[in-house]
Amino acid sequence: MATPASAQRLKNQIALITGGSSGIGAGVAKAMAAEGASVIVNYAHSADEAAAVVKEITEAGGKAIPFQADVSKEEDVLRMFDHIREQFGTLHILVNNSGIQVDAKFVDMTLAQWQKVIDVNLTGQFLCAREAAREFLRRGPEPEISAALGKIICMSSVHEVIPWAGHVNYATSKGGIMLLMKSMAQELAPHKIRINSIAPGAIATPINLTARDTPEEERDLLTLIPYGRIGQPSDIGKVAVWLASDEADYVTGTSIFADGGMTLYPGFADNG
Ligand code: NAD
């Protein structure tokens, strides 16, 4: 299959997508590869899924490799960045996408359930962003490749602003990502490093399969989405490509809500 026609907005750029083996990360990896980026498809455990994403990208004429690393472990993250430097020389784009849910009622939540989600969703983003920023600064400017020194996109959630009963570990991690992203963006903007978040609403991926198990559950979910459909990973891939491209060169420190209007308080549409 030929490379899909695109403006090649990420030509000659190296992009690491954490959790690129599944769901939103896979959608972002495919979208960035179609725009000319060489993509590292990181995964935690699912080697087969990562291989399938890499195969789909390479069969479409793109460039991709899989790489196993647990983003919550510093030694794994350092090993991944060493490998990227050895294989590609540098990195231009980090998509901090890996994330998990471990749900429990607040009074029943164990420390292990709390800690696991904070470790992967929040500490994982800190570790990968720190290594990416260090690599951007080490490499220096390449204006022929991108106006910015480097770009970091944090996968947040509508739950960076919407409280979520039964998921306090997850909502806390996403609220934390919001100020992690903004504080990093403030500190690193003078170095021409752009950092933004995407805050997806309900996207059809394995993470929320149980919330869409039955037609009734799907109907309930749709009452929260004024735009009237559940999102697809490709919806997020398009936003990520734009944010990473020079078209977004003046955009830093912001969260883009790609949520079909979920944060518009749809319960108030009929006068509350
Ligand atoms: P998913 O379960 O399909 O994918 C999660 C990915 O994270 C997988 O590739 C997995 O390998 C990876 N991962 C898990 N633990 C890891 C670890 N320790 N180290 C490295 N990688 C690890 O889920 P998804 O829906 O595609 O979620 C991706 C991101 O989008 C998450 O941060 C999630 O919070 C966020 N998000 C999803 C939705 C949604 O509706 N699907 C909405 C808002 C935000």
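Just above, that's the structure.
The notes below deal with the structure included here. Worth saying up front: this structure is predicted, and the values here are computed from it rather than measured.

Cut-off values and rules
- Residues numbered from 1 in each chain as written.
- Predicted model: local features only at pLDDT ≥ 70, side-chain atom pairs only at ≥ 80, totals over all residues.
- Heavy atoms only, no water.
- Near = heavy atom within 4 Å.
- Polar contact = N/O pair within 3.5 Å; in protein donor to acceptor, adjacent residues only side chain to side chain.
- Helix = DSSP H or I, 4+ residues; strand = E, 2+ residues; numbered from the N terminus.
- Nonpolar A, V, L, I, M, F, W, Y, C, P; charged D, E, K, R; others polar.
- Pairing = 2+ DSSP bridges.
- Axes fitted to C-alpha atoms, helices over the stretch in contact; angles between N-to-C directions.
- Contact = heavy atoms within 4.5 Å.
- Core = buried A, V, L, I, M, F, W, Y, C linked by side-chain atoms within 4.5 Å.
- Buried < 20%, exposed > 50% of the residue type's maximum accessible area, 1.4 Å probe, protein only.
- Salt bridge = Lys/Arg side-chain N within 4 Å of Asp/Glu carboxyl O.
- Patch = residues over 30% accessible without salt bridge, like charges linked within 9 Å, V, L, I, M, F, W, Y side chains within 5 Å.
- Areas by Shrake-Rupley, 256 points an atom, 1.4 Å probe, with all protein chains shown as cover.
- Lys, Arg positive; Asp, Glu negative; His and termini not counted.
- Charge placed at Lys NZ, Arg CZ, Asp CG, Glu CD.
- Phe/Tyr/Trp six-rings, centres within 6.5 Å; stacked < 30°, edge-to-face > 60°.

**Considerations on the site of the ligand**
Lining the immediate environment of the ligand, one finds 28 residues, of which Ser22, Ile24, Asn97, Tyr170 and Thr205 sit closest. Take Asp70: an N or O atom from its side chain is 2.9 Å from a nitrogen atom of the ligand. Within the side chain of Thr205, one N or O atom sits 2.4 Å away from an oxygen atom of the ligand. If you list the elements that add at least two residues to the shell around the ligand, you get α1 (23-34) and α5 (168-188). The class makeup of the residues in the shell around the ligand is 13 nonpolar, 13 polar and two charged.

**Re the sheet that holds strand β4 (residues 93-96)**
With parallel pairing, seven strands are arranged side by side in an open sheet as β3-β2-β1-β4-β5-β6-β7. Lying at the two open borders of the sheet, with one neighbouring strand each, are β3 (63-68) and β7 (255-258). Averaged over all adjacent pairs, the angle separating strand axes in this sheet is 20 degrees, with direction ignored. With four bridges joining them, β4 and strand β5 (residues 150-155) adopt parallel strand pairing. Paired with Asn96 across the bridge in β5 is Cys154. Sitting on the sheet, helix α4 (residues 111-139) touches β4, β5 and β6 (193-200), and the angle it makes with β4 is about 175 degrees. Along the sheet face, α5 touches β5, β6 and β7 and points at about 160 degrees away from the line of β6.

**Remarks on the nonpolar core**
If you look at the biggest cluster of nonpolar residues, it comprises 33 residues, and the most contacted ones within it are Ile17, Val28, Met32, Val39, Val41, Ile198 and Ile236. When contributions to this core are tallied by element, the ones reaching two or more residues are β1 (14-17), α1, β2 (38-43), α2 (47-59), β4, β5 and α7 (233-244). In this structure, Ile236 is in contact with Ile24, Val28, Met155, Ile198, Pro200, Ile203 and Ala258, ignoring residues within four places of it in sequence. Counting 31 residues, the second largest nonpolar core, distinct from the first, contains Leu16, Met80, Val120 and Ile152.

**Looking at the pattern of salt bridges**
Counted under the stated rule, the structure contains 15 salt bridges. Lys30 is the partner of Glu56 in a salt bridge, and the nearest nitrogen-oxygen pair spans 3.3 Å. In this pair, Glu56 sits in helix α2 while Lys30 sits in helix α1, placing the two residues 26 residues apart along the sequence. Here Arg130 ties to Glu74 by a salt bridge, and the two come within 2.8 Å at their closest N and O atoms. You can see Arg130 sitting in helix α4 and its partner Glu74 sitting in helix α3 (residues 74-88), a full 56 residues away along the chain.

**What to know about a negative patch on the surface**
On the surface, a cluster of negative charge is contributed by Asp213, Glu216, Glu217 and Asp220. Positionally, Asp220 belongs in helix α6 (residues 215-222).

**Some thoughts on the packing of aromatic side chains**
When we look at a pair of aromatic rings, we describe it by the centre distance and by the angle of the planes. Considering all chains together, one arrives at two aromatic pairs under this definition. Taken together, a centroid distance of 5.6 Å and an interplanar angle of 70 degrees make the contact between Trp164 and Tyr170 edge-to-face. Ring centres of Tyr265 and Phe268 lie 6.3 Å apart, and the angle between their planes is 90 degrees; on these two criteria the pair is classed as edge-to-face. Tyr265 gets classed as exposed once you look at its relative accessible area, which sits at 64%.

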